[in-house]
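So you can see what is in the structure, the chains are spelled out below.
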Amino acid sequence: MSDTEKRNAEIQLDQLAESAEDTREIDLLELFYRLIEKSVWIVLAALIGAIAFGAYSQFFVEPTYRSTAKLYVVNTNDTAINLTDLNLGEKVADDFVQVFKNRDVYDQVVIRMEEDYDVKLPYSFDELQSMMNISVIDNTRILRISVNSQSAVEAEQIATAYAETAKEFITAVMGMKEPADFERARLGERNPQNTIRNALLGFLLGALAASLVIIVLFIVDDRVRTAEQLQKQLNLPTLGLMPVQENEKSSKRTVRREQK
């Protein structure tokens, strides 16, 4: 074979290789086996993620406290309102919940905090809304007001201020008798840390991150490892296989042994 023919053959092989790279398909079964092969690293990354997220949640997340006040709602006839017995029970319950979403009520709470506790409320309307949870207890006439804060005392003060302001607002605006205090707010109790949930989240994220890294490395790895891969990429039959050669050191040692 002349030099020109050899060059043409090499050019054709290069073109076939380039076209094979452009049309390279991902073997899902091979990818699955690669993930199984690297499963130890995936599990290790998952454990590291679980430990990191759990430790962060336990030692670095500032704890929060919850204080709850409860009101017993009655109507103008001194008869208890059973929200579940009314045809519009859900709407009535929503009416009471909307009281605490009223900006006028918020303004009165700010004033009450300054008058009763000499505290200037450092939260905007939206910030305070995110700290509160207002609900009507199922199958009861009790309105529950819960406040979460990073201060146990502050949680109690805000819950109390909102309960007292809501009682006045319900009487003046909704035309109902002032609700009774079913349970006064107390010093906020510490909310349980979600350490286990965050650890599980870290475990999943760690496993996912390791899997994504392995998948990306698998996709960008275009090395030919088997005769089947070579035949598939070049679309040419393999004529033979070369045995794996030993490194130079092992070869020299073998020669020396043979000489002895």
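Participant: I'd like a description of the overall build of the chain, backed by residues and values.
Facilitator: Within the chain one finds 10 helices and five strands. Across the 260 residues of the chain, 31% fall into the buried class. Considering only residue pairs separated by 6 or more positions, the chain has 74% of its internal contacts joining residues 24 or more positions apart. Taken as a whole, the chain presents about 18,400 Å² of accessible surface, with 54% of it coming from carbon and sulfur.

Participant: Please set out the packing of aromatic side chains residue by residue, giving values where relevant.
Facilitator: Counting across every chain of the model gives five aromatic pairs. Summarising the aromatic geometry, the rings of phenylalanine 32 and tyrosine 33 are spaced 6.0 Å apart at their centres and angled 55° between planes, so their arrangement reads as tilted. Classification of phenylalanine 32 as partly exposed rests on a relative accessible area of 46%. Overall, the relative accessible area of 51% leaves tyrosine 33 in the exposed class. Each ring, one from phenylalanine 100 and one from tyrosine 162, has its centre 5.9 Å from the other, and the planes form 40°; the classification is tilted. Taken together, the residues span a long stretch of sequence, with phenylalanine 100 in the loop between helix 4 (89-99) and helix 5 (103-117) and tyrosine 162 in helix 7 (residues 152-173) at a distance of 62 residues. For the pair formed by phenylalanine 100 and tyrosine 162, the shared burial category is buried.

Participant: Describe the pattern of salt bridges, with residues and values.
Facilitator: Scanning all chains against the criterion turns up nine salt bridges. Between arginine 112 and glutamate 168 there is a salt bridge; the shortest N-O distance is 2.8 Å. One end of the pair, arginine 112, is in helix 5; the other, glutamate 168, is in helix 7, and 56 residues separate them in sequence. Classification of arginine 112 as buried rests on a relative accessible area of 17%. Put simply, glutamate 164 and lysine 167 hold a salt bridge, and the shortest N to O gap is 3.5 Å. In this pair, glutamate 164 and lysine 167 both sit in helix 7, three residues apart, roughly one turn of the helix. The class of glutamate 164 is partly exposed, set by a relative accessible area of 21%.

Participant: Explain unusual backbone geometry residue by residue, including any values.
Facilitator: Phi at aspartate 118 is positive, roughly 55°, even though this residue is not glycine. With respect to the helices and strands, the residue aspartate 118 is situated in the loop between helix 5 and helix 6 (125-131).

Participant: Describe the packing of helix 5 against helix 7, listing the residues and the values that go with them.
Facilitator: Packed helices, taken two at a time, are described by the angle between their axes plus the distance between the axes. Where helix 5 contacts helix 7, the two axes come as close as 9 Å, and the packing angle between them is 125°. Classed by the angle they form, the pair helix 5 and helix 7 counts as oblique. Remark: the crossing between helix 5 and helix 7 carries right-handed chirality. Facing Val105, Tyr106, Gln108, Val109, Arg112, Met113 and Tyr117 of helix 5, the residues of helix 7 in contact are Gln157, Ile158, Thr160, Ala161, Tyr162, Glu164, Thr165, Glu168 and Phe169. Along the lines of polarity and charge, the residues of the contact of helix 5 with helix 7 split into nine nonpolar, four polar and three charged.

Definitions and limits used
Residues numbered from 1 in each chain as written. Predicted model: local features only at pLDDT ≥ 70, side-chain atom pairs only at ≥ 80, totals over all residues. Heavy atoms only, no water. Helix = DSSP H or I, 4+ residues; strand = E, 2+ residues; numbered from the N terminus. Buried < 20%, exposed > 50% of the residue type's maximum accessible area, 1.4 Å probe, protein only. Contact = heavy atoms within 4.5 Å. Areas by Shrake-Rupley, 256 points an atom, 1.4 Å probe, with all protein chains shown as cover. Phe/Tyr/Trp six-rings, centres within 6.5 Å; stacked < 30°, edge-to-face > 60°. Salt bridge = Lys/Arg side-chain N within 4 Å of Asp/Glu carboxyl O. Axes fitted to C-alpha atoms, helices over the stretch in contact; angles between N-to-C directions. Parallel < 35°, antiparallel > 145°, perpendicular 65-115°, else oblique. Left-handed = near helix turned anticlockwise from the far one by under 90°. Nonpolar A, V, L, I, M, F, W, Y, C, P; charged D, E, K, R; others polar.

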